[in-house]
Amino acid sequence: SPTPLDLNLLPLVRQNGQDQPSIPGLFMVTPPKRTARGRDEDRLVLYFTPQGNAPMEEAQIQQILGRLSTAYYKTPGSVTLALRATADIMNVFLLERNGKFANSGKQTIGLLALAVLREEKLTLGICGPIHAYLITPQETQEWFDQQASGRGLGLSRSVSVRFFQNDLQTRAGRPLKDRR
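Residues numbered from 1 in each chain as written. Predicted model: local features only at pLDDT ≥ 70, side-chain atom pairs only at ≥ 80, totals over all residues. Heavy atoms only, no water.

Enquirer: For this particular structure, what's the right way to read the overall build of the chain?
Expert: Counting its secondary structure elements, the chain contains 2 helices and 10 strands. Listing the helices and strands of the chain from first to last along the sequence gives β-β-β-β-α-α-β-β-β-β-β-β. A buried classification covers 41% of the 180 residues belonging to the chain. Counted over contacts in the chain with a minimum sequence separation of 6, partners at least 24 positions apart contribute 61%. Element-wise, carbon and sulfur atoms account for 51% of the exposed surface of the chain, whose accessible area totals about 10800 Å². (Helix = DSSP H or I, 4+ residues; strand = E, 2+ residues; numbered from the N terminus. Buried < 20%, exposed > 50% of the residue type's maximum accessible area, 1.4 Å probe, protein only. Contact = heavy atoms within 4.5 Å. Areas by Shrake-Rupley, 256 points an atom, 1.4 Å probe, with all protein chains shown as cover.)

Enquirer: Is there a simple way to think about the nonpolar core in this case?
Expert: Among the nonpolar cores identified, the biggest contains 26 residues, and F48, L65, Y72, L83, M90, L112 and C127 are the most heavily contacted of them. Among the secondary structure elements, those contributing two or more residues to this core are β4 (43-52), α1 (58-74), α2 (79-100) and β5 (108-118). For this core, the leading source of residues is α2, giving 7 residues. In contact with L112, other than residues within four places in its own chain, are Y47, F48, L65, A87, M90, G125, I126, C127, I130 and L153. Counting 14 residues, the second largest nonpolar core, distinct from the first, contains L111, L117, I126 and F164. (Core = buried A, V, L, I, M, F, W, Y, C linked by side-chain atoms within 4.5 Å.)

Enquirer: Mind showing me how you'd approach the packing of aromatic side chains here?
Expert: For any pair of aromatic rings, the description consists of the separation of the ring centres together with the inter-plane angle of the planes. What the rule picks out here adds up to 2 aromatic pairs. With centroids separated by 5.2 Å and ring planes inclined at 80°, the aromatic side chains of Y72 and Y73 adopt a geometry described as edge-to-face. One exposure class covers both Y72 and Y73, and it is buried. Stacked on the ring of Y72, the Lys or Arg R39 has its end atom at 4.7 Å from the ring centre. Just above the ring of F164 sits the side chain of R162; from NZ or CZ to the centre is 5.1 Å. (Phe/Tyr/Trp six-rings, centres within 6.5 Å; stacked < 30°, edge-to-face > 60°. Lys NZ or Arg CZ within 6 Å of the ring centre and 35° of its normal.)

Enquirer: Would you mind going over the side chain of T123 with me for this structure?
Expert: Mapped onto the fold, T123 is located in strand β6 (residues 121-127). The buried category is assigned to T123, whose relative accessible area is 3%. Within polar-contact distance, the side chain of T123 engages the side chain of Q165 at 3.0 Å. Aside from chain neighbours lying at most four places away, what touches T123 is V79, T80, L83, L114, A115, V116, F163, F164 and Q165. (Polar contact = N/O pair within 3.5 Å; in protein donor to acceptor, adjacent residues only side chain to side chain.)

Enquirer: Sorry, what's going on with the pattern of salt bridges here?
Expert: Where side chains of opposite charge bring their charged atoms close, a pairing between them can arise. Evaluation of the coordinates by the stated rule reveals 2 salt bridges. In this structure, the salt-bridge partner of D42 is R39, at a minimum N-O distance of 3.3 Å. The exposure classification of D42 matches that of R39, with both residues buried. One salt bridge in this structure joins D42 and R118, with 2.6 Å as the shortest N-O distance. On the criterion of sequence distance, the pair formed by D42 in the loop between β3 (26-29) and β4 and R118 in strand β5 is long-range, its members being 76 residues apart. Judged by its relative accessible area of 0%, D42 falls in the buried class. Each of R39, D42 and R118 takes part in one network of salt bridges that share partners. (Salt bridge = Lys/Arg side-chain N within 4 Å of Asp/Glu carboxyl O.)

Enquirer: Help me understand the pairing of β6, please; the structure alone is not making it clear to me.
Expert: On a regular strand, each side chain points to the face opposite its neighbour's, so the side chains alternate between the two faces of the sheet. Of all the 7 residues making up β6, 6 are buried; the element is thus mostly covered by neighbouring parts of the structure. Sheet topology places β5 next to β6; 7 bridges connect them, and they run antiparallel. Its bridge partner being in β6, L117 is matched across the sheet by L122. Here β5 folds back onto β6, and the loop between the two strands holds 2 residues, one of which, E119, carries a positive phi near 55°. (Pairing = 2+ DSSP bridges.)

Everything listed here is a matter of coordinates, which is why it stays silent on function.
Right, here's the structure in full:
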């Protein structure tokens, strides 16, 4: 039986020339006690960056990311199905928020990365033009697809999620077929 992998993220953030102790918009959570079948071993990481002229406070971002993590762990089915459902929730939130600001011309576009580590497999879902990198002793892989990346969340009812997957024991990363 393979040894489970640990998930460690190290913040590398500089703002105004100063190192920062944390990454704004990053949300990591361990599985709650009650999950949908098969989710009890999933380790979820969410990273959200709002863009546009309707800023969001970090406390509000953390609150919505908490709601997203709860939804993920309650969603049955495959990892990609649950990640897509989670991205849909963020999209609806941003669409409603943008609707409130419609008369003022303000909007928020959401860039969202959703990662799940289950046993030795890493699954990453990306909404918007986000570049992700998997760095191993053997190689560095860039996970980005210009055509499938989409514009981000909060602009339309349809959600574009680009999935990537990597078996961390074999280090053989591959994009998953986009399931729209």
